[in-house]
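Understanding the architecture of this molecule
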Amino acid sequence: MTTATARSLAYLAAGILAGAAGFAWTVAALLAVGLLAVTQLGGPAFLGAAWVTRRLAAVERRRVGWVLGRPLDEPYEPAAPGTARERAAHVARQPATWRDLAWLVVSFPLGLVSGVSGLVVTAVLLGAVAAPAWLWAVPNPRAPWPLRTLLTTTPGRFTLTALGLLLLPVGAALVRRLARAVAAAARALLAPGAHLQLVREAARLAETRSRVVDAQAAELRRIERDLHDGAQARIVAAGMTLALAARKLRADGGAALSDVDLARRQLDDALAELRRLVRGIHPPILTDRGLHAALAALAADSPLAVQLRGDPAGRYPAAVESAAYFVVAEGLANAGKHAGASWCSIVLTPTAGALAVTLTDDGRGGADPTGGGLDGLRRRVEALDGKFTVTSPPGGPTVLHAELPCVS
């Protein structure tokens, strides 16, 4: 309790100087920035003033920790790149910038009143407790009764001491309450607001989702490798064994040759189905050679005339490459099966922090964006915080466009 009271008193006393310094800086900064706002130095002047203001506000956040037990968190958004004016505009749009300034203005009268009040209460009580040690040096025979008795006689001075000791807990509680009230006002202006908390929560959720998507993509690649290196390899080995057995049976004229041939065909069918499954989970070519090569392979297998444009050496996050691959695969399949198309164009366009994938066909159009295949593509793209649009008027052309963010 004594430590908390001492910290509260130190907070109130320091608030007198901190409030005066903050108010003086605010007046000087407003004048300087206001005069320079119409010149080329307006942006740098505002940024410099904001930097100093934030340093003063940081001191206030640490001082609040004397009373609340821990400093306040900073409420600022990350710095934005660009010119001085662009960065100044970014700083000016942040509510925390103006809340800092408001606190530096309010803290002067608030700190002065609360600091003086706390110091006066403390000085009076401590002076009463120590009355016998110093009142003898300042006799006041003209003081009115009963003060004359308390101030000029030894019993009266010890009576003051007793009163001071009795009221000392009350005064300490008053100092702590006063400090907490000032600290609460500081927290209301200097702590992160609801807007920044929502921004940080959105960023945290986006990062968490990105980690989940990356983990899912890694798990799919692991399953693909296990199928490719495990089950598929064993089926191939079994097929080779059956081929050798068939060869021996032919040499021996065995009657079971037809059964062996049937088993080989069944294994071949199972192997083909397994390979389709592997490609549907995560095409190995995506990992080995990248998105452009995987789409080129798709185009080569398509019965349509496909034109592919993009950077052959471009690599993107695994989840982005997988989503883009399946958008194109579904688009090519729909164009060939349902739209009666004969030609298709695939365009990969890297933008600032994203990859745009556009697929256009010359089919009859009329595709239903809410259909199972296209709706599944939309969900796959939106899981990465991307955008997916389908434009397919009757008579064509049909355009699938996906924008996939490449940064977390």
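Whatever comes next refers back to the structure up there.
The structure contained in this document is the topic of the report that follows. (Residues numbered from 1 in each chain as written. Predicted model: local features only at pLDDT ≥ 70, side-chain atom pairs only at ≥ 80, totals over all residues. Heavy atoms only, no water.)

1. Quick look at the overall build of the chain
Broken down by element type, the chain carries 13 helices and 5 strands. Residue burial in the chain is summarised as follows: out of 408 residues, 37% are buried. Just so you have it, the chain exposes about 22,600 Å², and 65% of that area is on carbon and sulfur atoms. (Helix = DSSP H or I, 4+ residues; strand = E, 2+ residues; numbered from the N terminus. Buried < 20%, exposed > 50% of the residue type's maximum accessible area, 1.4 Å probe, protein only. Areas by Shrake-Rupley, 256 points an atom, 1.4 Å probe, with all protein chains shown as cover.)

2. As for the packing of helix α1 (residues 2–36) against helix α4 (residues 95–129)
In the contact formed by α1 and α4, the axes pass within 7 Å of each other and the chain directions differ by 150 degrees. The orientation of α1 with respect to α4, classified from their angle, is roughly antiparallel. Considering the relative orientation of α1 and α4, their crossing is left-handed. Taken together, the residues that form the contact of α1 with α4 break down as 15 nonpolar, 10 polar and no charged. (Axes fitted to C-alpha atoms, helices over the stretch in contact; angles between N-to-C directions. Parallel < 35°, antiparallel > 145°, perpendicular 65-115°, else oblique. Left-handed = near helix turned anticlockwise from the far one by under 90°. Nonpolar A, V, L, I, M, F, W, Y, C, P; charged D, E, K, R; others polar.)

3. A closer look at the sheet that holds strand β5 (residues 398–405)
With respect to topology, 5 strands assemble into an open sheet ordered β1-β2-β3-β5-β4, the strand pairing being mixed. Strands at the two margins of the open sheet, each flanked by one partner only, are β1 (305–309) and β4 (387–391). Ignoring which end each strand starts from, the neighbouring axes of this sheet average 10 degrees apart. In the sheet, strand β2 (residues 343–351) pairs with strand β3 (residues 354–361) via 8 bridges, with the strands oriented antiparallel. Bridge pairing links isoleucine 346 to leucine 359 in β3. Taken strand by strand, helix α12 (residues 318–337) contacts β1, β2, β3, β4 and β5, and its axis lies near 5 degrees from that of β3. (Pairing = 2+ DSSP bridges. Contact = heavy atoms within 4.5 Å.)

4. A short note on the pairing of β3
Burial of β3 is extensive: 8 of the 8 residues sit out of reach of the surface. The two faces of β3 match: Ala354, Ala356, Thr358 and Thr360 on one face and Leu355, Val357, Leu359 and Asp361 on the other face are all buried. Linking two consecutive strands that pair antiparallel, namely β2 and β3, is a turn of 2 residues; a positive phi of about 75 degrees is found at glycine 353 within it. Alignment of β3 against β5, held across 8 bridges, turns out to be antiparallel. Along β5, the bridge assignment pairs alanine 356 with glutamate 403.

5. Quick look at a nonpolar patch on the surface
Together, Phe23, Val27, Leu31, Val105 and Val106 give the surface a local cluster of nonpolar side chains, amounting to about 380 Å² of exposed area. Of all the elements in the fold, those that place two or more residues in the nonpolar patch are α1 and α4. Tallying contributions element by element places α1 first for the nonpolar patch, with 3 residues. Checked against the element boundaries, valine 27 lands in helix α1. Classification of valine 27 as partly exposed rests on a relative accessible area of 37%. (Patch = residues over 30% accessible without salt bridge, like charges linked within 9 Å, V, L, I, M, F, W, Y side chains within 5 Å. Salt bridge = Lys/Arg side-chain N within 4 Å of Asp/Glu carboxyl O.)

6. Focus: the pattern of salt bridges
Under the defined criterion, the tally for this structure stands at 4 salt bridges. In this structure, arginine 61 and aspartate 100 form a salt bridge, with 2.9 Å as the shortest nitrogen-oxygen distance. In this pair, arginine 61 sits in helix α2 (residues 42–68) while aspartate 100 sits in helix α4, placing the two residues 39 residues apart along the sequence. Taking the relative accessible area as the measure of exposure, aspartate 100 reaches 1% and is therefore buried. Across the pair arginine 315 and glutamate 321 runs a salt bridge whose closest N-O atoms are separated by 3.0 Å. Exposure remark for arginine 315: the relative accessible area of 44% places this residue in the partly exposed category.

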